[in-house]
Amino acid sequence: MISRRKFFSNAVVTAGAAVLGATTVSAEETEPSQPHESPQKMNGNAQSDQQDYPPGEPSKDYTPVITPNGSTLPFKVIGGVKVFHLIAEEVDHEFAPGLRAHCWGFNGQVHGPTIEAVEGDRLRIYVTNKLPESTSIHWHGVLVPNGMDGVGGLNQKPIEPGETYKYEFRLRQHGTCMYHSHTDDMTQIALGMMGMFVIHPRNPTGPKPDRDFVLMSSEWRIDVGTMRPVPTEMTDFNVLTFNGRAFPGTAPLVAKSGDRVRIRFGNLSPMEHHPIHLHGFYWKIIEMDGFPLPESAQEPGNTVLVAVGQTRAVEFIADNPGDWAMHCHMTHHTMNQMGHNTPNLIGVRPGNLDKKVSRFLKGYMSMGESGMADMGEMGMPVPRNSIPMVGMEGNHGYIDMGGMFTIVKVREDLTSYDDPGWYENPPGTLASLASNDELQRDLGFVPASEKKENPMGNMKMDHM
């Protein structure tokens, strides 16, 4: 088991040794096929396809990544080449229980399955188009020959409906990349045509991760009661997702105490950036846009900004057991199907307004004047196929979160990585209601308690 102090001190020791003139290892020795760090030596982008390597094998040459709520694209090896098949098609996709939509994706899922390979592998990827319009695939961040870059009309002819195109290239780098449509981008990306592309190093240095997760962020506008995302939306997105799922539909990330955990983030949202924040830990940013960072440049923190079109990878030691929130820190990104057109009622005193309006709208009740925390658990009728303000019941009450929110579950003595259920806090480690004796002892007085009646109670409402 590695402590957090030891984990972060390594970066400090490495940087200090360089300053003091300690022996260093060149980039060529540690990462032979990565682009060089020195601007004068940036020859890593040049095309070179001469050296052959055997195809990398999962669990032997690398730790396979985990795509929560998703999958990894299968392959077969033919003549030393890894062969994959992507199928672009319409998908009936569930974002969370109670919300489905007709999206576009790959191989029956949104987002598409994760492509996983090893630096030096030669890939042959067939793309079959079952969409009603032409498409093409761009390998975002992957260094490929120009004719394989996938921009329709620029690098290739678009793939027409019913056609299958072949992409073939050798991987000359390692890191976290992505893939997405690059024909009618606005429509096709907004409908879900994207996925992650992970390239493992041929000669890895340093310890391998015990848990290696992949999370892609995206955003959608799905009007309440409808079943089709709106691809022309530019500002008012109301469903925010990790791997195409909104909380409470997101699967937890499970780790055992002492595990080295890597999380690879990608963002192909149409318009917005996402500062992803993890509770309970500090991590190091080990990679930016598919480029591994030297230890001296690995910035510690607990929030990483992943802008549109970017990838980031972080690592930490899971040494703090519990159920820990991980979410985008833009607060509207952790709510389900909210809009911007609702009037602000905070602080409004409705008086006998409800009684008067109820004469015309039976069951009417003003809401929102004292906040929105109770709305998700009220269970009032909502339009078909919608999850406005919906969260889920947790171990200590209702979790009024949604959207781009998930839970990192760390446990001691796990026998499997299945969902272990809710964390049971050890005695003395759970926040609780303060007693009058405690308040008097520590504050010298007991704050006045003005208990307000919940006007919503258990009423059944039809309008608000």
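Residues numbered from 1 in each chain as written. Predicted model: local features only at pLDDT ≥ 70, side-chain atom pairs only at ≥ 80, totals over all residues. Heavy atoms only, no water.

Peer 1: Go over the overall build of the protein chain with me, naming the residues and quoting the values.
Peer 2: Check the secondary structure of the protein chain and you find five helices and 23 strands. Per-residue burial for the protein chain yields a buried fraction of 45% across its 464 residues. Within the protein chain, contacts between residues separated by at least 24 positions form 76% of all contacts whose residues are at least 6 apart in sequence. (Helix = DSSP H or I, 4+ residues; strand = E, 2+ residues; numbered from the N terminus. Buried < 20%, exposed > 50% of the residue type's maximum accessible area, 1.4 Å probe, protein only. Contact = heavy atoms within 4.5 Å.)

Peer 1: Talk me through empty space enclosed by the protein; I want residue IDs and the actual numbers.
Peer 2: The final tally for this structure, using the stated rule, is four cavities of 30 Å³ or more. Each pocket or cavity is described by its volume, and for the largest cavity that value is around 80 Å³. Contributions of two or more residues to the lining of the largest cavity are made by strand 9 (194–200) and strand 10 (211–220). In terms of residue class, the lining of the largest cavity is made up of five nonpolar, ten polar and no charged. (1 Å grid on protein atoms, 1.4 Å probe; cavity = no way out; pocket = protein on both sides within 12 Å on 5 of 7 lines; lining within 4 Å. Points joined across faces, edges and corners; volume = space filled by probe spheres on them. Nonpolar A, V, L, I, M, F, W, Y, C, P; charged D, E, K, R; others polar.)

Peer 1: Describe unusual backbone geometry, and please don't skip the residues or the numbers.
Peer 2: Only a minority of non-glycine residues have a phi that is not negative, and only a minority of peptide bonds are not trans. Put simply, V110 and H111 share a cis peptide bond, and its omega is -5 degrees. Within the secondary structure layout, H111 lies in the loop between strand 3 (99–106) and strand 4 (115–118). Cis geometry marks the peptide bond from F247 to P248, where omega comes out at 15 degrees. Examined against the element boundaries, P248 turns out to sit in the loop between strand 11 (239–242) and strand 12 (253–256). A positive phi angle, close to 55 degrees, is found at D289, a residue other than glycine. Within the secondary structure, D289 sits in the loop between strand 15 (283–288) and strand 16 (291–292). Classification of D289 as partly exposed rests on a relative accessible area of 40%.

Peer 1: With reference to specific residues and values, describe the pattern of salt bridges.
Peer 2: Evaluation of the coordinates by the stated rule reveals 21 salt bridges. Taking the shortest distance from any N to any O, the salt bridge between R100 and E94 comes out at 3.7 Å. For R100, a relative accessible area of 32% corresponds to the partly exposed category. A salt bridge links D289 to R312; the shortest N-O distance between them is 3.2 Å. Here D289, found in the loop between strand 15 and strand 16, pairs with R312, found in strand 19 (residues 311–317); they are 23 residues apart in sequence, far enough to count as distant. You can call R312 buried: its relative accessible area is 8%. Each of D212, R260, R262, R264 and E315 takes part in a single network of salt bridges with overlapping partners. (Salt bridge = Lys/Arg side-chain N within 4 Å of Asp/Glu carboxyl O.)

Peer 1: Residues and numbers for the confidence of the model for the protein chain, please.
Peer 2: In the predicted model, the protein chain carries a mean pLDDT of 84, and 80% of its residues have values of at least 70. Counted against residues more than four places away or in other chains, residues 11–43, with its pLDDT under 50, gives 31 contacts. A low-confidence stretch, residues 455–464 stays under pLDDT 50, and its non-local contacts, those more than four residues away or across chains, total 23 contacts. (pLDDT = per-residue confidence, 0-100.)

Peer 1: Before we move on, could you go through the sheet that holds strand 9 and cite the residues and values that matter?
Peer 2: Taken together, four strands build an open sheet; the order of strands is 4-9-8-6 and the sheet is mixed. Two strands bound the open sheet, and with one partner strand each, they are strand 4 and strand 6 (137–140). When the angles between neighbouring strand axes are averaged without regard to direction, this sheet yields 20 degrees. Of the pairings in the sheet, the one linking strand 4 to strand 9 comprises four bridges and is parallel in character. The residue of strand 9 that forms the bridge with A117 is I199. (Pairing = 2+ DSSP bridges. Axes fitted to C-alpha atoms, helices over the stretch in contact; angles between N-to-C directions.)

Peer 1: Kindly report on the sheet that holds strand 18 (residues 303–306), identifying the contributing residues and their values.
Peer 2: A sheet is described by the order of its strands in space; here five strands give the open sequence 12-23-20-14-18, paired in mixed fashion. In the strand order of this sheet, the two ends are held by strand 12 and strand 18, each with one partner. Along the sheet, successive strands turn relative to each other by an average axial angle of 20 degrees, direction set aside. The sheet contact formed by strand 12 and strand 23 (residues 405–411) spans four bridges and is parallel. Bridge pairing in strand 23 links K256 to R411.

Peer 1: Describe the packing of aromatic side chains, naming the residues involved and giving the relevant values.
Peer 2: Summed over the entire model, instances satisfying the criterion amount to eleven aromatic pairs. Geometrically, the ring pair formed by F75 and F84 is tilted, given 5.4 Å between the ring centres and 45 degrees between the ring planes. With relative accessibility at 1%, the residue F84 sits in the buried group. Relative to W220, the ring of F95 has its centre 4.9 Å away and its plane inclined at 75 degrees; by these criteria the two rings are edge-to-face. Of the two residues, F95 sits in strand 2 (residues 81–96) while W220 sits in strand 10, which places them 125 residues apart along the sequence. Both residues of the pair, F95 and W220, count as buried. A connected cluster of aromatic rings, assembled from ring pairs, spans F106, W139, Y167, F169, Y179 and F197. In this structure, K82 packs its charged tip against the face of F75, placed 4.7 Å from the ring centre. (Phe/Tyr/Trp six-rings, centres within 6.5 Å; stacked < 30°, edge-to-face > 60°. Lys NZ or Arg CZ within 6 Å of the ring centre and 35° of its normal.)

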